[in-house]
Amino acid sequence: MDNEIKAERENHVGRVVHMLSHQLKRRGTMPQMVVELTPMQKHILTFILFETLDRDLYQRDIEEEFRIRRSTASGILQLMEKNGFIYRQSVEKDARLKQIIPTEKAVKLRMDILVNIREMEKRLTDGISKEDLDVCLRVLRKMICNLSGEQVK
């Protein structure tokens, strides 16, 4: 019975995903010199830096991408603004909307972050075939949808 429980625990999907997530958070994509941001703020700043290359970004985009509440997103963005990584600018067509714009301080980090992401992806996928990686990503996305109640995209 003990071996059965041990095997079940070792193959518990949530545990394995948590362990992988923990390793990713420890290594992160942000240069080590950025100490004034929490891990979540670093993830959000990375998202902001790359998404704003292609489109305007607003708080609701952060809420949707990270599946966080409005109050949580607001607090995170306020601290990032206070630390000089973003600023929010009113939109002409709707003064209630505030566009999120990275500051020069943040933009200077973009290339270092991109290099770190590429290195991390290389380490993560080392020795994994493209077919296996495609299956893994499809399954992980399905798990996210299962937990959130959304349909698979």
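The text that follows walks through the structure, step by step, so that each part is easy to find. Since we're looking at a predicted model, the values are computed, not measured.

Parameters and conventions
Going along each chain's sequence as written, the residues are numbered from 1 onward. Predicted model: local features are reported for residues with pLDDT of at least 70 only, side-chain atom pairs are reported and counted for 80 or more only, and whole-chain, interface and lining totals are derived from all residues. Where side-chain values are given, they derive from all heavy atoms of the structure, hydrogens and water being excluded. By definition here, a salt bridge exists when the distance from a side-chain nitrogen of Lys or Arg to a carboxyl oxygen of Asp or Glu is within 4 Å. Numbering of helices and strands starts at the N terminus; helices are DSSP runs of H or I of at least 4 residues and strands are runs of E of at least 2. Here's how the labels work: a residue is buried when its accessible area is under 20% of the maximum for its type, exposed when over 50%, partly exposed in between, all with a 1.4 Å probe on protein chains only. Every angle, taken between N-to-C directions, lies between 0 and 180 degrees, and every axis is a line fitted to C-alpha atoms, over only the stretch in contact when it is a helix. Reported orientations rely on four angle classes, namely roughly parallel under 35 degrees, roughly antiparallel over 145, roughly perpendicular from 65 to 115, and oblique for the rest. Note on contacts: a residue pair is in contact if any heavy atoms of the two residues lie within 4.5 Å. Any residue that is not Ala, Val, Leu, Ile, Met, Phe, Trp, Tyr, Cys, Pro, Asp, Glu, Lys or Arg is counted as polar, Gly included; the first ten are nonpolar and the last four charged. Nonpolar cores are built from buried Ala, Val, Leu, Ile, Met, Phe, Trp, Tyr and Cys residues. Side-chain atoms within 4.5 Å join them into one set. The sign given to each residue is positive for Lys and Arg and negative for Asp and Glu; His and the chain ends receive no count. To count toward a patch, a residue needs a relative accessible area over 30% and no salt bridge; like charges are then connected within 9 Å, while nonpolar side chains (Val, Leu, Ile, Met, Phe, Trp, Tyr) are connected within 5 Å. Every accessible area reported is derived by Shrake-Rupley at a probe size of 1.4 Å, with residue values counting cover from the shown protein chains alone.

Another aspect to go through is the pattern of salt bridges. Under the counting rule described, the total for this entry stands at 5 salt bridges. The residue R88 makes a salt bridge to E81 at a minimum N-O spacing of 3.1 Å. As a salt-bridge pair, D134 and K130 come within 2.9 Å of each other at their nearest N and O atoms. Here D134 and its partner K130 are both found in helix α8 (residues 130-148), 4 residues apart, which amounts to about one turn of the helix. On the basis of relative accessibility, which here comes to 58%, the residue K130 falls in the exposed class. Shared partners join several salt bridges into a network, and the residues in it are E51, R55 and D61.

As a packed pair, helix α3 (residues 39-51) and helix α5 (residues 70-82) sit with axes 11 Å apart at the nearest point and diverge in direction by 80°. By the criterion of interaxial angle, the relationship of α3 to α5 is roughly perpendicular. Contacts between α3 and α5 involve M40, Q41, I44, L45 and I48 from the former and I76, L77, L79 and M80 from the latter. By residue class, the composition of the contact of α3 with α5 is 8 nonpolar, 1 polar and no charged.

If you look at the biggest cluster of nonpolar residues, it comprises 20 residues, and the most contacted ones within it are I44, L45, I48, I62, M80 and I86. No other element matches the 6 residues that α3 contributes to this core. When near neighbours in sequence (up to four residues on either side) are disregarded, I44 contacts I62, F66, I68, I76 and M80.

By the secondary structure assignment, Q99 is in strand β2 (residues 94-102). Each residue touching Q99, except ones within four places of it in the same chain, is listed here: D56, L57, Y58, Y87, R88, Q89 and V91.

Here we come to the side chain of R110. One can find R110 in helix α7 (residues 110-125). For the buried R110, no salt bridge is present, and the opposite-charge side chain at shortest range is E104, 8.3 Å distant. Beyond its immediate chain neighbours, meaning those up to four positions away, R110 contacts L49, F50, T52, L53 and P102.

Taken together, the side chains of V13, V17, L137 and L140 define a hydrophobic patch exposed on the protein surface, amounting to about 270 Å² of accessible area. Of all elements in the fold, only α2 (13-27) and α8 reach the threshold of two or more residues within the nonpolar patch. Taking relative accessible area as the criterion, L140 reaches 32% and is therefore assigned partly exposed.

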